Amino acid sequence: MTRYWPLALGSFRFGSGFGPRDGGFHAGQDFEAADGTPFYACAGGTVLYIGEAQGYGQWIVIDHPASVGGGVTEYGHMWHAGATGLQVGDRVDGGQLLGYVGSNGQSSGPHLHLSVMPHGYAPQAKLDPMTWLASAIYPDGGPMIRGLDFAGGRPGAAAIRAAGFGFVVRYLSHGGPSLPGKQLLPEEAEDYRAHGVEIVSNWESWGDRMREGRAAGREDAQAALAQVLACGGRPNRPIYFSADWDASEDEQDAIDEYLRGAAEVIGEDNVGIYGGYWPLSRALDHGTARWAWQAEAWSGWNVDPRIHLLQRNSVGYVNVGGVDCDVNEARKPDYGQWSISQEAPMNDEVLGDIREQLCGTGQREPGHYGGWPQLGDRTVVDALAAIGAKLGIDGFEGPCART
Ligand SMILES: [Zn+2]
């Protein structure tokens, strides 16, 4: 039975504890942390309540089954309890990301309030979380990697690394004189590779370009792919195409058509969408996008659980290397970064294909292969040998010479 501290090591200070306070009683433990610091489930369980709550502004309550020691934990003061997409009834693992520290409700500064109840939801029975967490371990901060996107300049890979970011989502389109840092350049990509900063592809010429439909999608995908290849990328990785406006439902047809146009060029498995919750979720539902980079903007604090990347517009810009950047989080191990190889698994079907190519489709018996009719019923090796022998190339023998 493992319990977790609700915040990662080094990300918080202990604040007000369990006990009398200001003539009343503080029935929990406060963890002071910077606004936006991730917090995690103290144990596995089920979301009992989530959303608005008096005093807390917003809260999340998790019910823990007896198999992990039972009890209920209550987390308060976040700005948006639904920031990670959780809903009532969802299962969470111990140490799983639940949300981000805020200062909502009756709060004097950014902190997480944690209350613990020993058996089921019983507010009168709250106990000291420090006792309950006595043998807790720290959550590892999860596999979450943070990254940046920017257009106003190029911060440089060393500065990006030094600031603790692991990837960049880069525009493949140029930004003209007003945004000289927008387009990914070959020497820039080389800099990222040298410093171990992952690259993710985006295409955005202007915000509502998708309104122009299928031909525009085809044209943009061609330009995007050319820039990927010029920068040392591979053609079989996703490109996120931007719906960078508050797109309405009646604009979805044009968006889907644009994405289908892109799929004609780069393949439907490689088409991604950037945008707010609704157009992005619709594109995933319709199968016109397989990859999703969601903005918090235009999303009403909804997060689609299928997304690969989340742009944390709510935390504002960070300045890295003199450039204002948006902060992003990876939500899946494969979020579209160039370095991941997509080799086909060596399954029986693949091995069968290879064998057929070498040996042909004809009738097979042990020690004898049917060959290909277009090679005179020879296998690939026998056909090569026959050609070499005919041409008199040194060392080539006709296929029957050894039998
Ligand atoms: Zn408190």
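Scroll up for the structure.
Described in the following lines is the structure provided in the data block.

Reading guide: rules and limits
Residues numbered from 1 in each chain as written. Predicted model: local features only at pLDDT ≥ 70, side-chain atom pairs only at ≥ 80, totals over all residues. Helix = DSSP H or I, 4+ residues; strand = E, 2+ residues; numbered from the N terminus. Buried ≥ 20, exposed ≤ 12 C-beta atoms within 10 Å, placed from the backbone. Core = buried A, V, L, I, M, F, W, Y, C linked by C-beta atoms within 7 Å. Contact = placed C-beta atoms within 7 Å. Axes fitted to C-alpha atoms, helices over the stretch in contact; angles between N-to-C directions. Parallel < 35°, antiparallel > 145°, perpendicular 65-115°, else oblique. Left-handed = near helix turned anticlockwise from the far one by under 90°. Pairing = 2+ DSSP bridges. Expected span 1.5 Å × (residues − 1). Nonpolar A, V, L, I, M, F, W, Y, C, P; charged D, E, K, R; others polar.

Considering unusual backbone geometry
Unusually for a residue other than glycine, Asp 22 sits at a positive phi of about 50 degrees. One can find Asp 22 in the loop between β2 (19-21) and β3 (24-26). Backbone geometry places His 77, a non-glycine residue, at a positive phi of 90 degrees. Here His 77 falls in the buried class, since 25 other C-beta atoms lie within 10 Å of it.

Looking at the nonpolar core
Counting residues in each nonpolar core, the largest one holds 55 residues, and the members touching the most others are Leu 148, Val 168, Phe 241, Leu 259, Ala 262 and Ile 273. Excluding anything up to four places from it in sequence, Phe 241 contacts Trp 203, Asp 220, Leu 259, Ala 262, Gly 272, Ile 273 and Tyr 274. Core analysis: the second largest hydrophobic core is formed by 33 residues, Phe 39, Cys 42, Val 72 and Tyr 75 among them.

Remarks on the packing of helix α5 (residues 252-266) against helix α6 (residues 277-286)
At a closest axis distance of 10 Å, the pairing of α5 and α6 adopts a crossing angle of 55 degrees. As the angle between them shows, α5 and α6 are arranged oblique. Crossing of α5 over α6 shows right-handed handedness. Every residue of α6 that contacts α5 at Gln 252, Ile 255, Asp 256 and Leu 259 is listed here: Pro 279, Arg 282, Ala 283 and His 286.

Regarding the pairing of strand β11 (residues 111-117)
Of all the seven residues making up β11, seven are buried; the element is thus mostly covered by neighbouring parts of the structure. Of the two faces of β11, the one holding His 111, His 113, Ser 115 and Met 117 and the one holding Leu 112, Leu 114 and Val 116 are both buried throughout. Examined bridge by bridge, strand β4 (residues 29-32) and β11 share four bridges and lie antiparallel to one another. The residue of β11 that forms the bridge with Gln 29 is Leu 114. In this sheet, β11 lies alongside strand β8 (residues 72-76) in antiparallel orientation, the contact comprising five bridges.

Section: helix α8 (residues 380-391)
Relative to the 16 Å expected for twelve residues at 1.5 Å per residue, α8 spans 17 Å between its end C-alpha atoms, a close match to the ideal helical length. Of the residues one or two after α8, Gly 392 is the one with positive phi, at around 75 degrees.

Let's talk about the packing of helix α4 (residues 214-230) against α5
Closest axis-to-axis distance for the α4/α5 pair is 6 Å, and the angle between their directions is 40 degrees. Considered as vectors, α4 and α5 are oriented oblique to each other. As α4 runs across α5, the sense of the crossing is right-handed. Residues Arg 214, Ala 215, Ala 216, Gly 217, Arg 218, Asp 220, Ala 221, Gln 222 and Leu 225 of α4 pack against Glu 257, Tyr 258, Leu 259, Arg 260, Gly 261, Ala 262, Glu 264, Val 265 and Ile 266 of α5. Classifying every residue of the contact of α4 with α5 by side-chain character gives nine nonpolar, three polar and six charged.

Quick word on the sheet that holds strand β6 (residues 45-53)
Spatial ordering of the open sheet is given by β1-β4-β11-β8-β7-β6-β9, a layout of seven strands whose pairing is antiparallel. The strands lining the two open edges of the sheet, one partner per strand, are β1 (13-14) and β9 (91-92). The pairing of β6 with β9 spans two bridges and is classified as antiparallel. Within the sheet, the bridge partner assigned to Thr 46 lies in β9 and is Arg 91.

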